[in-house]
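This is what each chain is made of:
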Amino acid sequence: MEPSRILAEFLREPKIAYLSMEIGIQNDIHTYSGGLGVLAGDTIRSAADLKVPMVAVTLISRKGYFRQVLDAEGNQTERPALWQPEKFMDALPEKVYLELSGRPVAIRAWIFVQRSVTGGKVPIFFLDTDLPENTPEDRELTSYLYGGDDRYRLKQEAILGIGGVRILRKLGLDIKKYHMNEGHASLLTLELLLEYRKDIESVWEEDLIWDVDRVKELCVFTSHTPVEAGHDRFSYELFREIVGEVIPLRVLKKLAGPDRLNMTHLALNLSEYVNGVAKKHREVSMRMFPGYEFSSITNGVHSFTWTCDSMRRVYDKYLQGWANEPELFVRVGRIPEEELWGAHMETKKNLIDYVNAKTGAGMNCDALTIGYARRATAYKRADLLFRDLERLARIGNGKIQLVFAGKAHPKDNPGKMMIKHVFECIKKLRGSVKAAYLENYDMEMALKLISGVDVWLNTPQRPREASGTSGMKAAHNGVPNFSVLDGWWIEGHIEGYTGWSIGPPPSEEMDYIGGRDQQDAEDLYAKLENIVIPMFYENRRTWIKMMQNAIGKNAYYFNTHRMMLRYVTEAYIR
Ligand SMILES: *Cc1c(COP(=O)(O)O)cnc(C)c1O
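Here's what I pulled together on the structure shown here.

1. A look at the overall build of the protein
Okay, step 1: Helix and strand counts for the protein stand at 21 helices and 19 strands.
Okay, step 2: Relative to the 2.2 N^0.38 estimate, which gives 25 Å for 574 residues, the radius of gyration of the protein is 24 Å and therefore close to what a compact globule would have.
Okay, step 3: Dimensions of the protein, computed from the C-alpha atoms along their principal axes, are close to 80 × 45 × 45 Å.
Okay, step 4: Here the protein, with 574 residues, has 61% of them falling under the buried criterion.
Okay, step 5: Partitioning the contacts of the protein with sequence separation of at least 6, the portion at a separation of at least 24 is 71%.
Okay, step 6: For the protein, the separation between the mean place of its 75 positive charges and that of its 77 negative charges on side chains is 3 Å.

Below, the structure is given as structure tokens:
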């Protein structure tokens, strides 16, 4: 079909525009790096299922985030993760221009329509500067997701925020709310300030032409990280050099901070609705940004996407309609225990075959298999489990197997060291505990892992896990979580019922003290030895009950259908 015909049906009614630097639509469209992008993808999938009038905007990221290559010592190298947009989507003929570093940069959009079996559709616009009229340098601006320096990053954020608003306007879309998924899209507020500027004749003072309240009514902001470094900041000199003086510097400083342009502050000051992604994250965010009111809408995952084939079949048989109505998980008790276990063993065998084929680890299907996969970065403490290797070897000898995966950001050296350390520990455990680290963690591998292991482990330093979503995916497959009480798990955890905690309960004091590696590791080992391992081998019925609870209590709630409906009622239509 003609690209403009594809677009036409979305011009009929006003839409919510969802802007995100990354969106994980499918594994072979490399426009995501990790949790944030997968959440954006899940949000759009649920919006399509629920027929929420939404459109999404992101960058085309033609060379992806990166493909991870690991050598035998765990040294990571990064390769471009090229993909071909023309295989999946259509380029629209419209172009907009944005002046960056004193020259106009042409931007076009590709359209991809996320379709649901319900008939719902959400178009996603991928912004692209790889056009012949741009300089070779500018043609690369939408190539690498989270690549390059500050300058490259600021240009990308200007393309996403300012370019995004311009393209939506140019395409003829009527936008009634702008949802900024993280601060990367905050510059859209400046474009809106220009659009809704008041007539100079009608106001007393020049400053009052900036209709902050009008823009606020239009904007929704979701913050995703309680880590300081996760909030983008740019010097005003750099901003001026690259983007120019969009609004007077004096006014901009009032909105984005006195010393540096803080993307989070800009979004906070120009959004009427602001939220964190878990209850604890809201609390931490309000401490980090005093004076601002945060709401909280705890994240979820897209139920259908994150349920493996064998479990889908069981749910289809006993909980018909579950995919578009995850509340039906409340009836998980209808599934006979043997069938639940059988479905789990089927997907577990797939994973074990895969791990053995990739790594030669020689794992077997009957051993308690523990999974850990997420971005490799220091605060996530992938190596907490290895704090006392002798003890782990003694507790786990022949009884447990470990599967790891995760990429480190190319510039995160401590994250890269973490991978190497996990590799070393895996070697030292040879002969007692089988363990493997899989290369190039992505959505496809994530589904294999979260469904195929028996327990999903998470050991972040409090309170840095804003939400975490991989544990919710595990729960959708009946896999209980064994995790530090942070992020979503504070809300999902019922001890010995939906899974197990690691370390002390959450408290404000804990947030300041930080690590507590020793105490957390101690608890981890003790529970593994005295509760988790014995239950798995000696009390299979109780174990299967826990699997049911993971589904009936955790998947029931921690899904993007519930999350989306809350965004609609609390943020979009108020
Ligand atoms: C779900 C997912 C994540 C996020 O996992 P967390 O537990 O939130 O860290 C990261 N990467 C991929 C590929 C995922 O599928």
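Next comes the rest of the description.
2. Let's talk about the packing of aromatic side chains
Okay, step 1: For the coordinates displayed, the defined rule picks out 21 aromatic pairs.
Okay, step 2: Pairing Trp-500 with Trp-543 gives two aromatic rings, centres 5.6 Å apart and planes at 35 degrees, and the pair type is tilted. Of this pair, Trp-500 sits in strand β19 (residues 499-502) while Trp-543 sits in helix α20 (residues 540-555); the two residues are 43 residues apart in sequence, bridging distant segments of the chain. For the residue pair Trp-500 and Trp-543, the accessibility class agrees, reading buried in each case.
Okay, step 3: Three or more aromatic residues link up through ring pairs in this structure, and these residues are Trp-341, Phe-482, Trp-500, Phe-536, Tyr-537 and Trp-543.
Okay, step 4: Lying across the ring of Tyr-557, Arg-562 places its NZ or CZ 4.2 Å from the centre.

3. Quick look at helix α10 (residues 279-288)
Okay, step 1: Among the residues of α10, Lys-280, His-281, Val-284 and Ser-285 are the ones counted as buried. For α10, the angular spread of buried residues about the axis comes to 135 degrees, placing them on one side.

4. Quick word on the nonpolar core
Okay, step 1: Counting residues in each nonpolar core, the largest one holds 73 residues, and the members touching the most others are Phe-125, Leu-168, Tyr-178, Leu-187, Leu-188, Leu-252 and Leu-266.
Okay, step 2: Among the elements that line this core, the one with the most residues is helix α4 (residues 150-171), at 10 residues.
Okay, step 3: Apart from residues lying up to four places away in sequence, Leu-266 is in contact with Ser-186, Leu-187, Thr-189, Leu-190, Leu-252, Leu-255, Ala-256 and Leu-261.
Okay, step 4: In terms of nonpolar packing, the next biggest core, distinct from the first, is built from 59 residues, Trp-322, Ala-408, Ile-426 and Met-546 among them.

5. Re the pattern of salt bridges
Okay, step 1: A full pass over the atoms with the stated rule returns 46 salt bridges.
Okay, step 2: Taking the shortest distance from any N to any O, the salt bridge between Lys-527 and Asp-523 comes out at 3.8 Å. Of this pair, Lys-527 and Asp-523 both sit in helix α19 (residues 517-538), separated by 4 residues, roughly a single helical turn.
Okay, step 3: Among the residues examined, Asp-523 registers a relative accessible area of 22% and is labelled partly exposed.
Okay, step 4: Here the residues in one salt-bridge network are Arg-62, Arg-108, Asp-128, Asp-130 and Arg-139, joined through shared partners.

6. As for the site of the ligand
Okay, step 1: Taken together, 14 residues sit near the ligand, with Lys-380, Gly-468, Thr-469, Ser-470 and Lys-473 positioned nearest.
Okay, step 2: Within the side chain of Lys-380, a nitrogen or oxygen atom sits 3.2 Å from an oxygen atom of the ligand.
Okay, step 3: Contacts to the ligand include Thr-469, whose backbone N or O atom sits 2.8 Å from an oxygen atom.
Okay, step 4: For the ligand, whose free accessible area comes to 390 Å², the fraction covered by protein is 94%.
Okay, step 5: Elements that contribute at least two residues to the shell around the ligand include exactly α2 (35-49), α15 (443-452) and α16 (470-476).

7. Observations regarding the side chain of Ser-61
Okay, step 1: Among the secondary structure elements, Ser-61 is positioned in the loop between β2 (54-59) and β3 (67-70).
Okay, step 2: Exposure remark for Ser-61: the relative accessible area of 2% places this residue in the buried category.
Okay, step 3: Setting aside residues up to four positions removed in sequence, Ser-61 forms contacts with His-30, Thr-31, Trp-83, Thr-142, Ser-143 and Leu-145.

8. Some thoughts on the pairing of strand β7 (residues 121-128)
Okay, step 1: Counting buried residues in β7 gives 7 out of 8 residues, a clear majority hidden from the surface.
Okay, step 2: By the bridge criterion, 4 bridges tie β2 to β7 in an arrangement that is parallel. Bridging from a neighbouring strand, Val-57 pairs with Phe-125 of β7.
Okay, step 3: Note: strand β6 (residues 103-115) against β7, 8 bridges, orientation antiparallel. Following the sheet pairing, Val-113 is matched in β7 by Pro-123.

9. Quick look at the sheet that holds strand β9 (residues 219-222)
Okay, step 1: A sheet is described by the order of its strands in space; here 9 strands give the open sequence β5-β6-β7-β2-β1-β8-β9-β12-β13, paired in mixed fashion. Edge strands, defined here as strands with exactly one partner in the open sheet, are β5 (90-100) and β13 (295-296).
Okay, step 2: In terms of strand pairing, strand β8 (residues 175-181) meets β9 through 4 bridges, oriented parallel. Across the sheet, the residue bridging to His-179 is Val-220, located in β9.

10. So, the pairing of β9
Okay, step 1: What you see with β9 is no split at all: Cys-219 and Phe-221 on one side and Val-220 and Thr-222 on the other are buried throughout.
Okay, step 2: Two strands pair when backbone bridges link them, and β9 and strand β12 (residues 273-276) are joined in this way by 3 bridges, in the parallel orientation. Within β12, the residue paired with Val-220 across the bridge is Tyr-273.

Conventions used here
Numbers given to residues run from 1 along each chain, matching the order in which its sequence is written. It should be noted that, the model being predicted, local features are given only for residues of pLDDT at least 70 and side-chain atom pairs only at 80 or more, the latter also being counted only at that level, while totals for whole chains, interfaces and linings use all residues. Excluded from the side-chain calculations are hydrogens and water; all other atoms, namely the structure's heavy atoms, are used. We count a stretch as a helix when DSSP gives it H or I for four or more residues in a row; a strand needs E for two or more, and each element gets its number in order from the N terminus. As defined in this context, the radius of gyration uses C-alpha atoms, and a globule is described by 2.2 Å times the residue total to the power 0.38. Three exposure classes are used, based on accessible area relative to the maximum for each residue type with a 1.4 Å probe and protein chains only: buried under 20%, partly exposed in between, and exposed over 50%. By definition, residues are in contact when any of their heavy atoms lie within 4.5 Å. The sign given to each residue is positive for Lys and Arg and negative for Asp and Glu; His and the chain ends receive no count. Here the site of a charge means atom NZ of a Lys, CZ of an Arg, CG of an Asp or CD of a Glu. Pairs were defined over the aromatic rings of Phe, Tyr and Trp, the Trp ring being its six-membered one, requiring ring centres within 6.5 Å. Orientation was assigned from the angle between planes: stacked under 30 degrees, edge-to-face over 60, tilted for the rest. Criterion for a charge above a ring: Lys NZ or Arg CZ within 6 Å of the ring centre, and within 35 degrees of the ring normal. Directions from the helix axis toward the C-beta atoms define the arc. Here the nonpolar core consists of buried residues drawn from Ala, Val, Leu, Ile, Met, Phe, Trp, Tyr and Cys, with membership extended through side-chain atoms lying within 4.5 Å. Any Lys or Arg side-chain nitrogen located within 4 Å of an Asp or Glu carboxyl oxygen qualifies as a salt bridge. Any residue with at least one heavy atom within 4 Å of a molecule or strand is counted as near it. Whenever a nitrogen or oxygen atom comes within 3.5 Å of another N or O atom, the pair is scored as a polar contact, on the condition that within protein one atom can donate a hydrogen and the other can accept it, and that pairs from neighbouring residues in sequence are kept only if both atoms are in side chains. Methods summary: accessible areas were calculated by the Shrake-Rupley approach with a probe of 1.4 Å, and residue burial reflects only the protein chains presented. For two strands to be treated as a pair, DSSP must find at least two bridges joining them.

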